[in-house]
Amino acid sequence: MQYAASVSQDTVELKHEVCTFLKEYVPRSTVPAIDPHEVLAEFPIQTFLTTNYDDLMMRALRHARTSRKDPISATSTWWDITADESPIDEPSDQEPLIYHLHGQWDDPASLVLTEDDYLTYLVNLVEARASGARLSLPATVLAAMTARPLLFVGYSLQDWTFRVLFHGLIRSMPVNRRRRHVSVQLMPDLNTSMADAGVRAQEYLERYLDGWSISIFIGDTQEFFGELRRRI
């Protein structure tokens with residue numbers, strides 16, 4: 001995307017094109033699959049944090065099988081740590097909050113898309129943390145991130161957004177207020193010349209994330225949500 005922006009020389013127009021493409025995209029697979037959004041919508045979760053641009057969580061909540069909900073959507077003003085966001089009502093089971101950390105496709109200019117965007121986002125997050133600012137995160141979002149158990153889906157240990165968010169906001173909480181979290185984790189690329197590479201990799205992930213109070217599920221989202229649905 002950084003290359004595409006350098007070619008078009010109009011980053012906002014590029015973001016409009018990306019949003020148009022995503023909205024028109026139709027998955028080519030015809031194999032029935034478990035939709036993680038639909039499974040999550042069945043739970044009485046009050047706050048959803050996403051770095052995706054789409055509105056799939058919004059749709060799933062509005063059409064939840066157990067109890068249809070009336071979700072609220074809001075987007076971070078990540079590009080300006082001094083910006084004041086409109087107050088957000090306290091979310092509830094029936095009116096949950098979906099908070100877009102990296103922008104939303106109905107507002108293309110809000111997308112964290114290029115390398116420059118990601119650097120700006122991470123620098124502002126670090127600076128906000130150092131100065132005691134809140135990176136324009138509403139109090140309800142901060143409360144969800146720092147005082148409640150979290151389920152991480154779709155992030156890797158190499159994802160700097162995940163690492164900075166966790167180090168900057170969650171690990172800063174006093175030990176007596178830390179919760180236990182869960183991460184759905186794919187196995188990293190393995191050195192296949194080692195017979196026990198898989199075992200060593202899993203042990204490493206477990207040790208590494210346990211230090212952050214994160215329990216892990218080794219597998220993809222289909223496996224995790226399939227197991228979760230069976231247990232429900």
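Computed from a predicted model, the values in this text were never measured in an experiment.

### Observations regarding the overall build of the chain
- On a plain count of helices and strands, the chain comes out with 9 helices and 6 strands.
- The contacts of the chain with a sequence gap of at least 6 include a subset with a gap of at least 24, amounting to 72%.
- On the chain, roughly 13600 Å² of surface is accessible, and the fraction owed to carbon and sulfur atoms is 52%.

### Remarks on the packing of aromatic side chains
- Applying the stated rule across the entire model yields 4 aromatic pairs.
- Between the aromatic rings of tryptophan 78 and tryptophan 79, the centroid separation amounts to 5.5 Å while the plane-to-plane angle is 90 degrees, which identifies the pairing as edge-to-face.
- Owing to a relative accessible area of 43%, tryptophan 79 belongs among the partly exposed residues under this scheme.
- Pairwise contacts between aromatic rings join Phe217, Phe224 and Phe225 into one cluster.

### Overview of helix α9 (residues 221-231)
- For α9, the set of buried residues is Phe224, Phe225 and Gly226.
- Where the residues of α9 are buried, they touch α3 (36-41), β4 (151-153), β5 (181-185) and β6 (214-218).
- At the N-terminal boundary of α9, the capping side chain belongs to aspartate 220, with an oxygen 3.1 Å from the backbone nitrogen of glutamine 222.

### So, the confidence of the model for the chain
- On average, the chain scores 84 in pLDDT, and the residues at 70 or more come to 87%.
- Mean pLDDT in the chain bottoms out at helix α7 (residues 160-170), which sits at 69, and peaks at strand β3 (residues 97-100), which reaches 96.

### Concerning unusual backbone geometry
- For glutamine 9, which is not a glycine, the phi torsion comes out positive at approximately 55 degrees.
- Checked against the element boundaries, glutamine 9 lands in the loop between α1 (2-8) and α2 (11-24).
- Overall, the relative accessible area of 70% leaves glutamine 9 in the exposed class.

### Some remarks on a nonpolar patch on the surface
- Where nonpolar side chains cluster on the molecular surface, the patch consists of Phe21, Leu22 and Tyr25 and spans about 300 Å² of accessible area.
- Among the structural elements, phenylalanine 21 can be located in helix α2.

### Digging into the sheet that holds strand β1 (residues 47-50)
- Sheet architecture is open: 3 strands sit in the order β1-β3-β2, paired in parallel fashion. Strand pairing shows two members of the sheet lacking a second neighbour, β1 and β2 (72-75), which therefore form its edges. Averaged over all pairs of adjacent strands, the angle between their axes in this sheet comes to 20 degrees, without regard to strand direction.

### Description of the layout of surface pockets
- By volume, the largest pocket amounts to about 1200 Å³.
- Along the wall of the largest pocket there are 41 residues; nearest its centre are Leu40, Phe48, Leu49, Leu151 and Val153.
- Looking at the lining of the largest pocket, the element that brings in the most residues is α7, giving 5 residues.
- Within the lining of the largest pocket, the residues separate by chemical class into 26 nonpolar, 11 polar and 4 charged.

### Some remarks on the nonpolar core
- Leu97, Tyr99, Leu101, Tyr121, Leu137, Val141 and Leu165 are the most contacted members of the largest nonpolar core, which has 14 residues in total.
- When contributions to this core are tallied by element, the ones reaching two or more residues are β3, α5 (115-131) and α6 (139-147).
- A per-element tally of this core places α5 first, with 3 residues.
- Ala64, Val184, Phe224 and Phe225 belong to the second largest nonpolar core, which has 13 residues in total.

### What to know about the pattern of salt bridges
- Under the criterion given, the structure shown has 8 salt bridges.
- As a salt-bridge pair, arginine 65 and glutamate 42 come within 2.7 Å of each other at their nearest N and O atoms. Of this pair, arginine 65 sits in the loop between α4 (56-62) and β2 while glutamate 42 is found in the loop between α3 and β1, placing the two residues 23 residues apart along the sequence.
- For glutamate 42, a relative accessible area of 17% puts it in the buried group.
- A salt bridge links aspartate 55 to arginine 59; the nearest nitrogen and oxygen atoms lie 3.0 Å apart.
- One salt-bridge network, held together by shared partners, links Glu42, Arg65 and Arg229.

Criteria and cut-off values
- Residues numbered from 1 in each chain as written.
- Predicted model: local features only at pLDDT ≥ 70, side-chain atom pairs only at ≥ 80, totals over all residues.
- Heavy atoms only, no water.
- Helix = DSSP H or I, 4+ residues; strand = E, 2+ residues; numbered from the N terminus.
- Contact = heavy atoms within 4.5 Å.
- Areas by Shrake-Rupley, 256 points an atom, 1.4 Å probe, with all protein chains shown as cover.
- Phe/Tyr/Trp six-rings, centres within 6.5 Å; stacked < 30°, edge-to-face > 60°.
- Buried < 20%, exposed > 50% of the residue type's maximum accessible area, 1.4 Å probe, protein only.
- Polar contact = N/O pair within 3.5 Å; in protein donor to acceptor, adjacent residues only side chain to side chain.
- pLDDT = per-residue confidence, 0-100.
- Patch = residues over 30% accessible without salt bridge, like charges linked within 9 Å, V, L, I, M, F, W, Y side chains within 5 Å.
- Salt bridge = Lys/Arg side-chain N within 4 Å of Asp/Glu carboxyl O.
- Pairing = 2+ DSSP bridges.
- Axes fitted to C-alpha atoms, helices over the stretch in contact; angles between N-to-C directions.
- 1 Å grid on protein atoms, 1.4 Å probe; cavity = no way out; pocket = protein on both sides within 12 Å on 5 of 7 lines; lining within 4 Å.
- Points joined across faces, edges and corners; volume = space filled by probe spheres on them.
- Nonpolar A, V, L, I, M, F, W, Y, C, P; charged D, E, K, R; others polar.
- Core = buried A, V, L, I, M, F, W, Y, C linked by side-chain atoms within 4.5 Å.

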